[in-house]
Amino acid sequence: MAVDTAQRNRHFLVRALLVCGAMFLFGFACVPLYRIVCEHVFRNKIYNTADSGKGFTVDASRWVTVQFVGNVNSQLDWQFAPEQVEMKVHPGAVNDAWYDATNKAGSAIVGNAVPSIAPSQGSPYFNKIECFCFTEQTLNPGESRRMPVKFVVDPKLPKTIDTLTLSYTFYNNRAATKKLAEQTQTKTPPNS
């Protein structure tokens, strides 16, 4: 009887570890998967072209509040925040916002920012023309960088939506960070 219980416990433990391992790997795969989905499924909804601001007529009779949020995944030793937490904009007008990032780690890190817009109904009407989230960001130890976001709110945004929240979460791109560390090691001569 004790052998059956021990064997069942062992099988349960193995299954639990496999599930945990799969969840862990899925978490690291989320950033590249998100980018692929955004680029191929939601074309020009989150990743827009440089022409996004052209063709809009500015609606000077209306104000929309855009809130800015910056988060960092717990696996990334960076400080990341918007320079201002909100701004009022006219739909159709091109606007600039800035985020600041600092690498607090002792080595260079490559990060990727994943954007989101809330409420989700407003997402199709928020057009990023220029964004640090379009490319990987490499910060050396102690390096700080000011990163721009140029955006326009589509005048077709429903009148019921008067506030949009632009949120970014930075993740450590472990594969790119590892590759950068390997390249750095090959360029640095060994100590004699």
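To be clear, the structure that these remarks concern was listed above.
Given the structure is predicted, the values throughout are model-derived calculations rather than measurements. (Residues numbered from 1 in each chain as written. Predicted model: local features only at pLDDT ≥ 70, side-chain atom pairs only at ≥ 80, totals over all residues. Heavy atoms only, no water.)

**Considering the overall build of the protein chain**
- A tally of regular secondary structure across the protein chain gives two helices and nine strands.
- Start at the N end of the protein chain and walk to the C end: the helices and strands fall as α-β-β-β-β-β-β-β-β-β-α.
- Put simply, the protein chain shows about 11,700 Å² of open surface, and 58% of that area lies on carbon and sulfur atoms. (Helix = DSSP H or I, 4+ residues; strand = E, 2+ residues; numbered from the N terminus. Areas by Shrake-Rupley, 256 points an atom, 1.4 Å probe, with all protein chains shown as cover.)

**Section: the environment of Val-149**
- The residue Val-149 is located in strand E8 (residues 144-153) in this model.
- With relative accessibility at 1%, the residue Val-149 sits in the buried group.
- Separated by 54 residues in the primary sequence, Val-149 and Asn-95 place their C-alpha atoms 8.2 Å from one another.
- In this structure, Val-149 is in contact with Asn-95, Asp-96, Ala-97, Tyr-99, Lys-128, Glu-130, Cys-131, Phe-132, Leu-166 and Tyr-168, ignoring residues within four places of it in sequence. (Buried < 20%, exposed > 50% of the residue type's maximum accessible area, 1.4 Å probe, protein only. Contact = heavy atoms within 4.5 Å.)

**Thoughts on the sheet that holds strand E6 (residues 126-131)**
- The strand order across the open sheet formed by four strands is E2-E4-E8-E6, and the pairing between neighbours is antiparallel. Looking at the sheet topology across the chains shown, the edges are occupied by strand E2 (78-82) and E6. Ignoring which end each strand starts from, the neighbouring axes of this sheet average 25° apart.
- Note that E6 and E8 share five bridges and pair antiparallel. (Pairing = 2+ DSSP bridges. Axes fitted to C-alpha atoms, helices over the stretch in contact; angles between N-to-C directions.)

**With respect to the pattern of salt bridges**
- If you walk through the whole model with that rule in mind, you get four salt bridges.
- For the salt bridge of Arg-146 with Glu-83, the shortest nitrogen-to-oxygen distance reads 2.7 Å. Here Glu-83 lies in the loop between E2 and strand E3 (86-89) and Arg-146 lies in strand E8, a separation of 63 residues in the sequence.
- Owing to a relative accessible area of 47%, Arg-146 belongs among the partly exposed residues under this scheme.
- In this structure Glu-83 comes out as partly exposed when scored by relative accessible area, which is 37%.
- Across the salt bridge formed by Glu-143 and Arg-145, the nearest N and O atoms sit 3.2 Å from each other.
- Its relative accessible area of 25% is what places Arg-145 among the partly exposed residues. (Salt bridge = Lys/Arg side-chain N within 4 Å of Asp/Glu carboxyl O.)

**Notes on the side chain of Asn-173**
- Along the chain, the position of Asn-173 falls in the loop between strand E9 (163-172) and helix H2 (174-187).
- Judged by its relative accessible area of 17%, Asn-173 is buried.

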